[in-house]
Each structure stands twice: as structure tokens, then as C-alpha cells.
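Take a look at the letters that make up each chain.
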Amino acid sequence: MSESNSNEEFVYPELTGRRRIYSDVDKITEENIFEVLQKAMIVHMQNSNEMVFLMRYEKGIQPLVRKKTIRKEVDIRVQDNLASQITEFKLGYVWGQPITYVQRGNKDFRKSTDNQNNLQDDGISMLNELNDSEYAFSKDQELGRYVEINGIGYQFVDIKKSYDGLAPFDLVTLNPLFTFCIYRNSALQEKLAGVTFRRTEDGTTYYTVFTPDRRYEIRDMREVINGDKVKEPWSFMQRSGEKNPFKKIPIVEFNRATDRTGCFERQISDMNALNVEVSDFANSVAQTTQEVFFGTGFELPKDGSGKTQSPVGGQWIVAKQAGNGGTPTLKAISSTFDYQGVQENIVSKRNTILQKAYVPIQTDPGGGSTGSAMNMSSGWSAAENSACKEEQILRRGKAEIVELEMIAIKSTNDIPFDSPLRSLEFSDIKPKFIRNKTYDLATKVNSMVAMIKAGVNGRVAMEQVDLFPDVAQAWADSKKTIEEFQKSLIQKSVPQTESKREMSDLSDQTGNSPILDGMKTGDDDVHES
């Protein structure tokens, strides 16, 4: 019997985020690689067991935390599975738009000229195209699912062995069950190695270990099987591994939060309680339709062997009076159950869990609410704040990815030497997360137009409004028009007056919102608290 069908009480593990793997060595070499790898695998297997539990939980395998002791034959088990709803929202809101790259700014450490800045803009547009050719948008979604459920995820960049005319690098999302990174146990916490492994059908385990200078292929944690043979005949090492062309570890670790927890991990106890309440509600309905009856003042007929015949559902009970003078009675054994109160409690508990996980409540808006007020009351503002915090942590991983991609681009001869891609430096590029909120389109357009008219750089204005999926490409396509428009404003001799907005937006209803600014009808109605 599976754990989900068992009538036994299930005890959930205590989850506090995935453990980071540390080592006391200063550097991983041929001499200590087996010892470091063995110790790291112990911690990784603990993380792996927790990740398997979390991925099964998100799929709906959520055993109840109580066993049914009364009328065990009526035992309906319901999984409301808010974990899947929370995960799907995060994947759509945080990871729904492709993660692109934009230019960090025109003023940089290299003191780039205008022509160099234009060349960098073109290079970043080409870099985004190369990532599109590697289906980065799809691989980032795969990465996002691992990160949101498990709290950690991994991507891998490698120099393409056979150039296909597009990207000179391969971008791969790795399964965190078979991937981990090792960090030095010091204040700087330098990354010592990136490890990924696989198991074959015959039970052999192959490990690929990347250090900043070497790449080791290890079989069954006993021997290195790649690279040159060692010269010392008495050494236990058969081979020395291969040179790492990146001179950096090409496996990048992504964290969802600083404590490396999943998006629903902190709410598992609440979701377990909700599952119990929903299951008990379903059981109550079932027990009401399958009520047990009791009778007094009559005798049930007996069969030929003298045994009392049990009543059959849906049929009349033909019995003779007991003869004690009482009135025959047949009633159902039932209890009073407040269905409406329980339903309201279930809805309230669901909303509380979603609120704790920073997921907006999907309810119909009430009358008289402005758009901004609804954003605050329904949870969209809290969801945006949570996404912004998560974005700052994820940007580190994407910055490492683009650094590896630039190394691959500059190390290949397949990219022309006069290509704008070769003019890029890692410091020129910034990862950009887009949350394309078209419901606030009017405010975004007005804000962007106002910034452009005020002389703000057009690319910076586009970045601020989160309107374009590919800011670099949108700026490249619009740059000439925007800069000519800004020059025409400067050249006008007449003083500039405040221009009319392109369209009305949410700011027009600020005075109507009791949440944002209060409903004011006159100066006398304004009071200080």
C-alpha cells in the first residue's frame, strides 16, 4: 500500500533549505579530489532526498498528517495542492518573460566613446539573438521550475564542439538531483568545483568535476579516466584530467532565496492542515449520504438458518412488532455539521497560504476600486516586491552565465574578429528580468514618454518601465527616432511647457482610492491623524 493510501499518520521531514557544500581544502587537485568528492556526496544526497520530496509534493503526492479512526471504510483523501498553484504563478510571473541582457550604461570603466557605445548596443542585441538560438527562453523555464520548487538550480555553459553558424556555445539546464557545487570554507567562499554525475544501466557512476583549471572524468569515485597518464608509476592516479578552457567553473548555481528554500516550502505545514480539513469535509458529505441507521420496537426477519437478515439499501424493511407495546422507530445516526462555516474556513485558510507565499488572490474585484488599490489589496504589490527581491539573487547566476558565454565567444575563430560581439566586456552587460504587466500599459507609456521628453536616455527609460521583452533590440530599433526627437526638443527656441499625457492612466484615480490617498471632497475634509 502506498503512503498516500495508507491509513497511518505520515510524519513530514523538517525542511530548512538546501545545505551549501563546503570543503576545508584550498584547492582541489589530483591528490585530494576523491576525498573531497566523497564528503561532498554525503551532503548532496541529503539535499537530493529533500528535493525528491519537494518535487513529489508539488505533483500532488501529499499524504495526510492524520489517520482516520472512525468509520475507516469512508476515508476520502483530498490534496488541494496549493503547492502546484504557487509554483505555476512564480513560473509565470518571475520567469514568464525571457531573461535578456542590456547595456549597463554609456559611462563605464573603459570610458567608451559614443561609437563604442553604439557598437556595444549592437553586440548585446546579437548576444540576445545567440541565446535565442540556444532556446534560452525554454531552458530558463526549466531552470525556473527547479529553482522555485527546490530553492536551487544549475546551468552549464560549454564551447560548442561543432559550430552550426549560430551560437559558439552550448547552454544546458542541469538536474539538481545530479549536480552540485563545492565552496571553500572561508570568508570569501570561493567556488572550488562544479560536479555533475550520471548512472548507467550497469550501475556505473560517472562524475564530471570542473575546477578552475582542470576537468576530471571519474568512474565510480575510484579512477580518473581522461587526460594524460601520470609519469610516476607508483601513483594511484591513472590520469591527470584535462585542461579547462574556460579557466572558470562552467557550472553555475542559482539560488531562489538566501536560505535556499523553495517557493512553497515554508507553507507545507499550513497546506497539510488544509488537506486534512478538505478531506474531512468530503468525508462528512460522504458519511451523510451513507448514514448508519438504528431501530427500536421491531424485529428483523430471519433466514432459514435462523440468522437475522440485514436490511438492503433502497428496499423496504418488513418486520414484525417487538410486542413490548412501544412504537417502532427507525432513525439515522447523524451529527450536526456546519457546512457553511467549514467552507468559509477552508477559503480563508487557502487565501492565507497564498498570501504567505506572495501569490495574489484571484477574486472578482469589488465595486469602486481603482487599479492601484486592487493591486495592493489583492496582493499584486506584495508579489512584485517578492519578485524584485528574488530577481536580485538570481541576477548573480545570470551574470556568471553571460561571463562564460563571452569567454566562449572570444575563444572561437568562428565569430568574425570585427563582430560587435568581440567588443563586449563582461562589465558592459547586465541581465534584465522582464515582468510584462500590460494591464498597467497606460502608466508605463506615459512614464516612458515623460522620461524621454525630460532628456533621459531612451534605453534607460525603456529599462525602467518593464514593457519590452528585449530592451536591447527595442532600443536598437528605436534609437535613431528617439534621439532625433530629443534633439528637436532642445533646438526649439520657445520654452517648453508641461505637455499633455499621451493617455489617461491610474494616477487619474488616486483621489478616488481610500487606500492610496483617501476620498477627498474638499479642503475641510482633510484631517491629520
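For every chain, the first residue of its written sequence is number 1, and the numbers climb from 1 along that sequence. Only residues with pLDDT of 70 or above have their local features reported here, since the model is predicted, and side-chain atom pairs are shown and tallied only from 80 upward, although totals for entire chains, interfaces and linings are computed over all residues. As a rule here, side-chain values cover all heavy atoms of the structure and leave hydrogens and water aside.

Caption draft 1: Geometry of the overall build of the protein. Helix numbering and strand numbering both begin at the N terminus, where a helix is a DSSP run of H or I of at least 4 residues and a strand a DSSP run of E of at least 2. Looking only at helices and strands, the protein features 11 helices and 16 strands. Across the 529 residues that make up the protein, the buried fraction comes to 42%. Accessible surface for the protein amounts to roughly 29600 Å². Of this, 51% is attributable to carbon and sulfur atoms. Relative accessible area decides the class of each residue, using a 1.4 Å probe on protein chains only: under 20% of the type maximum gives buried, over 50% gives exposed, and in between gives partly exposed. Using a 1.4 Å probe, the Shrake-Rupley method yields the accessible areas, and only the shown protein chains count as cover for residues.

Caption draft 2: Spotlight on the sheet that holds strand β11 (residues 251–255). Spatially, the 3 strands line up as an open sheet ordered β4-β3-β11, and their pairing is antiparallel. Across the chains shown, the open sheet's two edge strands, defined by having one partner strand only, are β4 (169–174) and β11. Averaged over all pairs of adjacent strands, the angle between strand axes in this sheet comes to 25°, irrespective of strand direction. Each pair of strands is called paired provided DSSP finds at least two bridges between the two strands. In this sheet, β11 lies alongside strand β3 (residues 152–159) in antiparallel orientation, the contact comprising 5 bridges. Bridging from a neighbouring strand, Ile152 pairs with Asn255 of β11. Between two residues, a contact is recorded if the distance between any of their heavy atoms is within 4.5 Å. In this analysis, axes come from line fits to C-alpha atoms, helices being fitted only over the stretch in contact, and the angle between any two N-to-C directions falls in the range 0 to 180 degrees. Each of β3, β4 and β11 touches helix α8 (residues 380–411); the most contacted strand, β11, lies at about 160° to it.

Caption draft 3: Here's a closer look at the environment of Met55. Following the sequence through the fold, Met55 ends up in helix α1 (residues 33–58). Since its relative accessible area comes to 15%, Met55 is described here as buried. Sequence separation between Met55 and Ser84 is 29 residues, and the spatial gap between their C-alpha atoms is 9.8 Å. When neighbours within four sequence positions are excluded, Met55 is seen to be in contact with Tyr146, Ile149, Asn150 and Leu177.

Caption draft 4: Up close: the pattern of salt bridges. Salt bridges are identified by distance alone: a Lys or Arg side-chain nitrogen within 4 Å of an Asp or Glu carboxyl oxygen. Inspection of the entire model under this criterion finds 28 salt bridges. Ionic pairing is found between Asp121 and Arg459, a salt bridge with its closest N-O pair at 3.4 Å. Of this pair, Asp121 sits in helix α3 (residues 114–133) while Arg459 sits in helix α10 (residues 458–465), and the two are 338 residues apart along the sequence. For the pair Asp121 and Arg459, a shared accessibility class is recorded, and that class is buried. Notably, a salt bridge pairs Glu223 with Arg219, separated by 2.6 Å at the nearest N-O pair.

Caption draft 5: Main features of the packing of aromatic side chains. Centres within 6.5 Å are what make two rings of Phe, Tyr or Trp a pair, Trp counting through its six-membered ring; a difference in plane orientation under 30 degrees is then read as stacked, over 60 as edge-to-face, and the rest as tilted. Applying the stated criterion across every chain, the model contains 11 aromatic pairs. Judged by centre distance (6.0 Å) and plane angle (20°), the ring pair of Tyr57 and Phe264 falls under stacked. Here the residue Tyr57 occupies a position in helix α1, and Phe264 occupies one in the loop between β11 and α5 (268–289), the gap between them amounting to 207 residues. Across the pair, exposure class does not vary: Tyr57 and Phe264 are buried alike. Joined through ring pairs, the aromatic side chains of Tyr12, Phe53, Tyr57 and Phe264 make up one cluster. Remark: a charge is flagged as sitting over a ring if the NZ atom of Lys or the CZ atom of Arg is within 6 Å of the ring centre and within 35 degrees of the ring normal. Above the face of the Tyr183 ring, Arg20 is positioned so that its terminal group lies 3.7 Å from the ring centre. Seen from the ring of Phe417, Arg422 lies directly overhead, with NZ or CZ sitting 4.5 Å from the centre.

Caption draft 6: Here's a closer look at helix α6 (residues 339–356). Taking 1.5 Å of rise per residue, the 18 residues of α6 would be expected to cover 26 Å, and the 26 Å separating its terminal C-alpha atoms lies within 8% of that figure. The complete set of buried residues in α6 reads Val342, Ile346, Ile353 and Leu354. The buried residues of α6 all sit within an arc of 110° when viewed along its axis, so they share a single face. More than 90 degrees from the buried face of α6, the exposed residues found are Gln340 and Gln355. One or two positions beyond α6, positive phi appears at Tyr358, with a value near 60°. By this rule, a helix spans an expected 1.5 Å times one less than how many residues it contains. By arc we mean the arc of the directions from the helix axis to the C-beta atoms, nothing more.

Caption draft 7: Region of interest: the packing of helix α9 (residues 441–453) against α10. Closest axis-to-axis distance for the α9/α10 pair is 9 Å, and the angle between their directions is 155°. The angle between α9 and α10 places the two elements in the roughly antiparallel class. In this structure, α9 meets α10 at a crossing whose hand is right-handed. Note on element contacts: α10 touches α9 through Ala461, Met462, Gln464 and Val465, opposite Lys444, Ser447, Met448, Met451 and Ile452. An angle below 35 degrees is treated as roughly parallel, one above 145 as roughly antiparallel, one from 65 to 115 as roughly perpendicular, and anything else as oblique. Handedness of a helix crossing follows the sense of rotation of the near helix relative to the far helix, less than a right angle counterclockwise being left-handed and clockwise being right-handed.

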